[in-house]
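Fold and contact review
What follows is each chain in one-letter form.
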Amino acid sequence: MESDDDVPLILTWDEANSGLLNEEETERGDQNGGGNYDIVNNAVISTPGVQSNKTQNVSLKQSWEMNYQEAAIYLQEGENNDKFFSHPRNPKALAAYLFAHNHLFYLMELVTGLLLLMLSLCEAPAVPSLRLDVYVHATLELLALLLVGFELCMKLRWLGFHTFIRHKRTMVKTCVLLLQFVEAIVVLIRQTSHMRVTRALRPIFLVDCRYCGAVRRNLRQIFQSLPSFIDILLLLLFFMVIFAILGFCLFSTNTADPYFNSLENSLISLFVLLTTANFPDVMMPAYSKNRWSCVFFIVYLSIELYFIMNLLLAVVFDTFNDVEKMKFKSLLLHKRSAIDHAFQLLVSRQRPMGVSLKQFDGLMRFYRPRMSVRDRFLTFKALNTSGAPMLSLQDFYRFYEVIGLKWKPRRNREHWFDDLPHTAFLIFKGIHLVVKSKAFQYAMYVVVAINGVWILVETFRMNSGYSWSEFVPLSYIVFLTIYGVEVLLKIAGLGPLAYFSSGWNLFDFSVTVFAFLGLIALAFNMEPFYFIVVLRPFQLLRLFKIKQRYRNVLDTMFELFPRMASLGLTLIIFYYSFAIVGMEFFADVVFPNCCNTSTVADSYRQINKTYGNKTVLDEGYYYLNNFNDILSSFVTLFELTVVNNWYITMEGVTSMTTHWSRLYFMTFYIVTMVVMTIIVAFILDAFVFRMNYSRKNRDPVDNPEDENGIVFEVEVRRDEVLATLELYKQTSLTLSSLSSLAAVLQAMDKSEQTSLVYLGRRSRTKSDLSMKMYEEEIQEWYAEYSRECLLQGDENLNLDQNSPVADPAPFQEHQLNSQCEHHCIN
């Protein structure tokens, strides 16, 4: 442990509170003169006279506390991928930074962004049941915008003006805020709404929220993929124009062909044909005149749809794959740079090569305030692979791998039933051997397969007029009993903790419980809950555990769920912006019996037709695809995304407005094509990555239900715990805070052992898979990173040596804060 007079290598505190986080280094005290350390103007000097030990200790404690806090901020910036230029540089900036970096502030950002988006429900054109008066929704908008302004003021306070104006996303948000604020005031004064296309920019406030970081990453990847996408898109449009000219020349003489009677209609028809929404209708007028005209359409679709569109996907996938790899590299090096910064703040002048437990504990008090003393100690032990008293920089580089571990003592017993009486032990031992055997597993697979076939037979009989109530109860009870017995056997053989630690077991248990609920619903005729019975076929998913490829597919699917949610939110944001534009230009445009001059008039027509003595309403429902409010707009845009008959909606709106309206629909199709192509590329990348990882790391898996994740093992000796307790008592920690560490001693006394083994577990993430997948490349990246840092240090040293007054003291901190900034992306 370090002595009480250990001085930080880099000081971030001075007595006047003016040198906090100011990147100045301090001079080393005279260690041979026997003087005390004092802090003056953020510098440590030795004083020969007698100093107050209390003043010295208070100053050093304050300096260490500030170092702990700044190191924690660096590590949080590395974890959250925040650029280091936003690091607070003075006490006022630190106060604003801490205020703006807490969950309540993040929640305020999220609620404010959602409120601004939801105002579109009650602004004209509003959802009829949610309409609000102008002064109400305008006042709510002003209040929300004031909160956004407050958020930006806090950001300005910690960033500083020059950094603030250089942050592009923040400046875009500021400009949009000013524009929205002026418009809201105008609406409030005039007491009436006007055309406000700028409402389409409101998602910017939500995207900038801390909780929407995944959405920002998706948008960044979309923009990074745009150059290659645009190249292929231009090629596609080039061929489309060529074929439009050719089609106009070939088919414009046919007066019965409305698709090629002008160059504009030819281009629009071929654009729609690219989506196959109007095929073969677009071909039939020309085909009826000349059968050889089909060659034109076959060649066009072969080139545009089957070649260039697939080429587009291939190019985007390749770009996406490179972007994903570079993003992982950038995040990895950014975390490494954050650890370098934090390490320099945690080492002392007396021991500059390592971080002691006391310093590590001080860091964790700021980085993970709710982590128990025991877990902080175990985390330190997990990092300390060398067994030395202090953490080296190489040990500290593993910080992000260890920090998320959940610690539990390892059971000394092999099985949960080892301490039971002999008879009970033999019974549960036999059950354990049964449920762990391959025969039991494959027997259950056979039962699940038979159950699946039986479900198909029952469904067929239902369609054939049989009453399924005559057959289902017996089969339902039989199979459900088998599944219930399986669950009970596994819980008894494996133990509750081991059973519920497996994701597959949780899935089996949940489906079985729902099946029992469905049986109860049938037995007591609880009609509203019949839908539970439909969940029975989910048992068939267990068959996918048999083959490794199926397990890879399911693992990929589960890993994709969080990312797919962020991609879905990204698509909704695009929907919102297009919906606002659509409402501003096309609200109340289409209605029943409109569009009489267009080729799609029948889809909007409502007429009464008489069949014998009966009169019925022949109704075209496409008038419901409108932009009269935000909800209707979302439904319409989703139908346009599916592209089936989307041209009917486009032509209907165009006939009631102007032919320039087609640009809106065509632009929406191109944008959604970009987003959907990115989604497909993401799914392909995730699956291919998983398959390549499986091929590269062929670890034998005896039981596909074993899911250990990442596991760290730490052995704790009694003398280490006693020494650590003494250290914490010297740091004035309360007895209640030490209870978790004292419980370790109690566990040792109870088991009459001098040591305990703890296991730290966490789920395996894609970052962990990437670390193994790119193991060789990572070493090259680290070597490149080290060379760049050394080169940057040499440049700084040359600048200092060429300066009129050489001051070597500030060099180390200057080098630290300037190194490798470009590795961060945000």
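See the structure shown above.
These figures come from a predicted structure and were not determined experimentally.

Attention shifts here to the packing of helix 4 (residues 134-159) against helix 6 (residues 168-190). It is at 9 Å that the axes of helix 4 and helix 6 come closest, and there the two elements cross at 155°. If you check the angle between helix 4 and helix 6, you find them roughly antiparallel. In terms of crossing hand, the pair formed by helix 4 and helix 6 is left-handed.

So, on to the pairing of strand 6 (residues 710-717). The alternating pattern of strand 6 places Ile-710, Phe-712, Val-714 and Val-716 on a buried face, while none of Val-711, Glu-713, Glu-715 and Arg-717, on the opposite face, is buried. Direction of pairing for strand 6 relative to strand 7 (residues 755-762): antiparallel, over a ladder of eight bridges. Directly across from Arg-717, in strand 7, lies its bridge partner Ser-755.

The strands making up a sheet associate through hydrogen bonds between their backbones, and the pairing can be parallel or antiparallel. Read across the sheet, three strands follow the order 3-7-6 without closing on themselves; strand pairing throughout is antiparallel. Either end of the sheet is taken by a strand with one partner, and the two such strands are strand 3 (406-409) and strand 6. Direction aside, the axes of adjacent strands within the sheet are offset by 25° on average.

Our focus in this paragraph is a nonpolar patch on the surface. Together, Leu-104, Leu-107, Val-111 and Tyr-211 give the surface a local cluster of nonpolar side chains, amounting to about 410 Å² of exposed area. Relative to the helices and strands, Leu-107 is located in helix 3 (residues 103-118). Given a relative accessible area of 42%, Leu-107 falls into the partly exposed group.

Turning our attention to the packing of aromatic side chains. Counting across every chain of the model gives 42 aromatic pairs. With centroids separated by 5.8 Å and ring planes inclined at 70°, the aromatic side chains of Phe-99 and Phe-105 adopt a geometry described as edge-to-face. Taking the relative accessible area as the measure of exposure, Phe-105 reaches 6% and is therefore buried. Look at Phe-586 and Phe-627: their rings are 5.8 Å apart centre to centre, the planes differ by 55°, and that puts the pair in the tilted class. On the criterion of sequence distance, the pair formed by Phe-586 in helix 21 (residues 548-586) and Phe-627 in the loop between strand 5 (614-619) and helix 22 (630-642) is long-range, its members being 41 residues apart. Classification of Phe-627 by relative accessible area gives buried; the value is 1%. If you follow Arg-336 out to its NZ or CZ, it ends over the ring of Tyr-397, 3.6 Å from the centre. Stacked on the ring of Tyr-782, the Lys or Arg Arg-336 has its end atom at 3.6 Å from the ring centre.

When you line up the elements, Leu-114 lands in helix 3. Assessed through its relative accessible area of 37%, Leu-114 is described here as partly exposed. The sequence separation of Leu-114 and Leu-206 amounts to 92 residues, and the corresponding C-alpha distance is 6.6 Å.

Quick look at the pattern of salt bridges now. Counted by the stated rule, this structure contains 26 salt bridges. Measuring nitrogen to oxygen at the nearest pair gives 2.7 Å for the salt bridge that ties Glu-141 to Arg-196. Of this pair, Glu-141 sits in helix 4 while Arg-196 sits in the loop between helix 6 and helix 7 (203-207); the two residues are 55 residues apart in sequence, bridging distant segments of the chain. The pair Glu-141 / Arg-196 is uniform in exposure class, with both members buried. Beyond isolated ion pairs, a larger network of salt bridges with shared partners links Glu-123, Glu-141, Glu-183, Arg-196, Arg-199, Arg-202 and Glu-584.

Calculation notes
Residues numbered from 1 in each chain as written. Predicted model: local features only at pLDDT ≥ 70, side-chain atom pairs only at ≥ 80, totals over all residues. Heavy atoms only, no water. Axes fitted to C-alpha atoms, helices over the stretch in contact; angles between N-to-C directions. Helix = DSSP H or I, 4+ residues; strand = E, 2+ residues; numbered from the N terminus. Parallel < 35°, antiparallel > 145°, perpendicular 65-115°, else oblique. Left-handed = near helix turned anticlockwise from the far one by under 90°. Buried < 20%, exposed > 50% of the residue type's maximum accessible area, 1.4 Å probe, protein only. Pairing = 2+ DSSP bridges. Patch = residues over 30% accessible without salt bridge, like charges linked within 9 Å, V, L, I, M, F, W, Y side chains within 5 Å. Areas by Shrake-Rupley, 256 points an atom, 1.4 Å probe, with all protein chains shown as cover. Salt bridge = Lys/Arg side-chain N within 4 Å of Asp/Glu carboxyl O. Phe/Tyr/Trp six-rings, centres within 6.5 Å; stacked < 30°, edge-to-face > 60°. Lys NZ or Arg CZ within 6 Å of the ring centre and 35° of its normal.

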